[in-house]
Amino acid sequence: LNGKKTRINSFNSRKVVTGLVVNQWVNLSRQKRRTIRALFHKATTAPEKFVDRLDEMRGHVAFLNMVTSERNNAAIARYKQVIEVVSLASQSEAD
C-alpha cells in the first residue's frame, strides 16, 4: 500500500472518495448541496439573470439525479421546475 494515498478514518468521520461522501450511502458534501440549493433559490427570485447559466443548472440536476436519485426526488423535481421557469424567461427574452 502507498502510505501517501492511504488514510485511516475513525468511524464517525466523513469519508470522501473522488469528491463524493461515502458514509452510509453516496452523497454530495453538505457544502456542495448548499451551493446548488442557493443557485436554484436565486434563480427562482430572478430567473432572467440565470438564462445564461441554464446549461449549468441542467448539469447540476443531472449530477444530483445520478448520485442521489431515490433520496432527493423532491429536490430534483423542484430544481426541474426552476429550470422550466428560467427557460420560459429565456424564451420571453428572445421575443
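Residues numbered from 1 in each chain as written. Predicted model: local features only at pLDDT ≥ 70, side-chain atom pairs only at ≥ 80, totals over all residues. Heavy atoms only, no water.

Student: Any details on a nonpolar patch on the surface? Residues and values, ideally.
Tutor: Among the surface-exposed residues, V17, V22 and V26 lie close enough to one another that they form a single nonpolar patch of about 190 Å² accessible area. Considering the arrangement of structural elements, one finds V22 in strand β2 (residues 20-22). (Patch = residues over 30% accessible without salt bridge, like charges linked within 9 Å, V, L, I, M, F, W, Y side chains within 5 Å. Areas by Shrake-Rupley, 256 points an atom, 1.4 Å probe, with all protein chains shown as cover. Salt bridge = Lys/Arg side-chain N within 4 Å of Asp/Glu carboxyl O. Helix = DSSP H or I, 4+ residues; strand = E, 2+ residues; numbered from the N terminus.)

Student: Quick one: what's the story with the sheet that holds β2, residue by residue and with numbers?
Tutor: Taken together, the three strands give an open sheet; going across it, the order is β1-β2-β3, and neighbouring strands pair in antiparallel fashion. Each edge of the sheet is formed by a strand with only one pairing partner; in this case those strands are β1 (16-17) and β3 (26-27). As judged from the two bridges shared by β2 and β3, these two strands associate in the antiparallel manner. Each residue of the ladder has a partner; that of V22, found in β3, is V26. (Pairing = 2+ DSSP bridges.)

Student: Tell me about helix α1 (residues 30-45), residues and numbers included.
Tutor: Compared with an ideal rise of 1.5 Å per residue, which puts 16 residues at 22 Å, α1 spans 23 Å between its outermost C-alpha atoms and is within 8% of the ideal. Every buried residue of α1 is accounted for by I36, L39, F40 and A43. End-on, the buried residues of α1 take up no more than an arc of 90°, which puts them together on one face. Opposite the packed face of α1, turned more than 90 degrees from it, sit the exposed residues R30, Q31, H41, K42 and T45. On its buried face, α1 sits against α2 (54-68) and α3 (73-94). (Expected span 1.5 Å × (residues − 1). Buried < 20%, exposed > 50% of the residue type's maximum accessible area, 1.4 Å probe, protein only. Arc of directions from axis to C-beta. Contact = heavy atoms within 4.5 Å.)

Student: Provide a residue-level description of the packing of aromatic side chains, including the pertinent values.
Tutor: With the rule as written, the count across this model stands at one aromatic pair. Seen from their ring centres, F40 and Y79 are 4.3 Å apart, and the 15° between their planes marks the pair as stacked. One end of the pair, F40, is in helix α1; the other, Y79, is in helix α3, with 39 residues separating them in the sequence. Across the pair, Y79 and F40 agree in class, each one buried. (Phe/Tyr/Trp six-rings, centres within 6.5 Å; stacked < 30°, edge-to-face > 60°.)

Student: Quick one: what's the story with the packing of α1 against α3, residue by residue and with numbers?
Tutor: Relative to each other, α1 and α3 sit at 40°, their axes nearing to 9 Å. When the interaxial angle is binned, α1 and α3 end up oblique. In the packing of α1 onto α3, the handedness of the crossing is left-handed. Counting all contacts with α1, which are made through I36, R37, F40, A43 and T44, the residues of α3 involved are Y79, V82, I83 and V86. A class-by-class count of the residues in the contact of α1 with α3 yields seven nonpolar, one polar and one charged. (Axes fitted to C-alpha atoms, helices over the stretch in contact; angles between N-to-C directions. Parallel < 35°, antiparallel > 145°, perpendicular 65-115°, else oblique. Left-handed = near helix turned anticlockwise from the far one by under 90°. Nonpolar A, V, L, I, M, F, W, Y, C, P; charged D, E, K, R; others polar.)

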